[in-house]
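The lines below spell out each chain.
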Amino acid sequence: DLATIFDGRPGATLKINLSSAIGKNAAAVELQQIVGSAIHVVWRALFLLVPMVFAVAFFSPYLAAGLPNYYYADVRILSFILIAALFFSTAYSVYDAILFSEMKSYVSSIVQIFSSVLLGIGLYVATQKESSLLYVGVATLVSAAFAFIVCRKFVKNYITWYGIISPSKELLVKFASSSKS
């Protein structure tokens, strides 16, 4: 089910699988395949969701009862922005899981603190602007993108085994089924 993929379950499943593999002194190739499984599941779901995202964003103004016509474009843009932020948050969960499995959760916590401060500043600026609803969306997107980019950069630079290898079909099926539960 696609909804479970974007609520952080691939990240949680990745934490379990990576921690277990690291505990068994797995080779770097196996760890990279586990990461590849998580990324593959998230990307596959993303491409399945794209048509639904466009439909939801396009029809979102009609879901708000009594919304004046001149707000329709803003609501559509805001919908796209918030959905993009959701994608960044989901991708962030993969890198958060890698840090967790390597006992470096403190990095993720620090990134989240700075991301929250960035969001707070963005929300303050949004309250000072005329079309503040769009600025709220942009602040949310920037905060999510910041967390993803910084966490990914740290993993690439400081986790020696990090890499992404296309997983075997069995590993992919196992990962996808465990992400659903």
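The following paragraphs examine the structure supplied in this document. Computed from a predicted structure; not experimentally measured. (Residues numbered from 1 in each chain as written. Predicted model: local features only at pLDDT ≥ 70, side-chain atom pairs only at ≥ 80, totals over all residues. Heavy atoms only, no water.)

## Considerations on the environment of S101
Stage number 1. For S101, the position within the fold is in helix α4 (residues 72-101).
Stage number 2. Between the C-alpha atoms of S101 and A176, which are 75 residues apart in sequence, the distance is 19 Å.
Stage number 3. Those residues within four positions of S101 in sequence are excluded, and the remaining contacts are L18, S19, I22 and W161. (Helix = DSSP H or I, 4+ residues; strand = E, 2+ residues; numbered from the N terminus. Contact = heavy atoms within 4.5 Å.)

## Considering the nonpolar core
Stage number 1. Core analysis: the biggest nonpolar cluster contains 29 residues, and L14, L18, Y95 and I98 have the highest contact counts within it.
Stage number 2. Only α2 (9-23), α3 (28-63), α4, α5 (105-127), α6 (132-158) and α7 (169-180) provide two or more residues apiece to this core.
Stage number 3. A total of seven residues in this core trace back to one element, the largest contributor, which is α3. (Core = buried A, V, L, I, M, F, W, Y, C linked by side-chain atoms within 4.5 Å. Buried < 20%, exposed > 50% of the residue type's maximum accessible area, 1.4 Å probe, protein only.)

## Some details on α2
Stage number 1. For α2, spanning 15 residues, the distance from its first C-alpha to its last is 21 Å, which sits close to the expected 21 Å at 1.5 Å a residue.
Stage number 2. Among all positions of α2, only P10, G11, T13, L14, L18 and A21 are buried. Considered in projection along α2, the buried side chains sweep an arc of 155° and stay on one side of the axis. When the buried face of α2 is taken as reference, the exposed residues oriented beyond 90 degrees from it are I16 and G23.
Stage number 3. Two residues or fewer after α2 comes N25, characterised by a positive phi angle close to 55°. (Expected span 1.5 Å × (residues − 1). Arc of directions from axis to C-beta.)

## What to know about the side chain of S37
Stage number 1. For S37, the position within the fold is in helix α3.
Stage number 2. Among the residues examined, S37 registers a relative accessible area of 0% and is labelled buried.
Stage number 3. Dropping the residues within four chain positions of it, S37 is found in contact with P167, L171, L172 and F175.

## A look at unusual backbone geometry
Stage number 1. Its identity is not glycine, yet N25 carries a phi of approximately 55°, on the positive side.
Stage number 2. With respect to the element layout, N25 can be found in the loop between α2 and α3.
Stage number 3. Overall, N25 belongs to the exposed group, its relative accessible area being 70%.
Stage number 4. Here the phi dihedral of M103 falls at roughly 60°; this positive angle occurs in a residue that is not glycine.
Stage number 5. Along the chain, M103 falls in the loop between α4 and α5.

## Section: the environment of S115
Stage number 1. Mapped onto the secondary structure, S115 falls in helix α5.
Stage number 2. We classify S115 as buried; its relative accessible area is 3%.

## What to know about a nonpolar patch on the surface
Stage number 1. On the surface, I113, V117, I121, Y124 and V125 cluster together into a nonpolar patch covering about 490 Å² of accessible area.
Stage number 2. Among the structural elements, Y124 can be located in helix α5.
Stage number 3. Judged by relative accessible area, which is 55%, Y124 ranks as exposed. (Patch = residues over 30% accessible without salt bridge, like charges linked within 9 Å, V, L, I, M, F, W, Y side chains within 5 Å. Areas by Shrake-Rupley, 256 points an atom, 1.4 Å probe, with all protein chains shown as cover. Salt bridge = Lys/Arg side-chain N within 4 Å of Asp/Glu carboxyl O.)

## Considerations on the packing of aromatic side chains
Stage number 1. A full pass over the atoms with the stated rule returns nine aromatic pairs.
Stage number 2. Centroid distance F58 to F59: 5.0 Å. Interplanar angle 85°. Geometry classified as edge-to-face.
Stage number 3. Judged by relative accessible area, which is 42%, F58 ranks as partly exposed.
Stage number 4. Aromatic pair F154 and Y158: ring centres 4.7 Å apart, planes at 35°, arrangement tilted. Taken together, the residues F154 and Y158, both in helix α6 and four residues apart, mark about one turn of the helix.
Stage number 5. By relative accessible area, which is 54% here, Y158 ends up exposed.
Stage number 6. Among the aromatic residues, those joined into a ring-pair cluster are F58, F59, Y62 and Y72.
Stage number 7. Across the ring face of F100, the terminal group of K15 is positioned such that the distance to the ring centre comes to 4.9 Å. (Phe/Tyr/Trp six-rings, centres within 6.5 Å; stacked < 30°, edge-to-face > 60°. Lys NZ or Arg CZ within 6 Å of the ring centre and 35° of its normal.)

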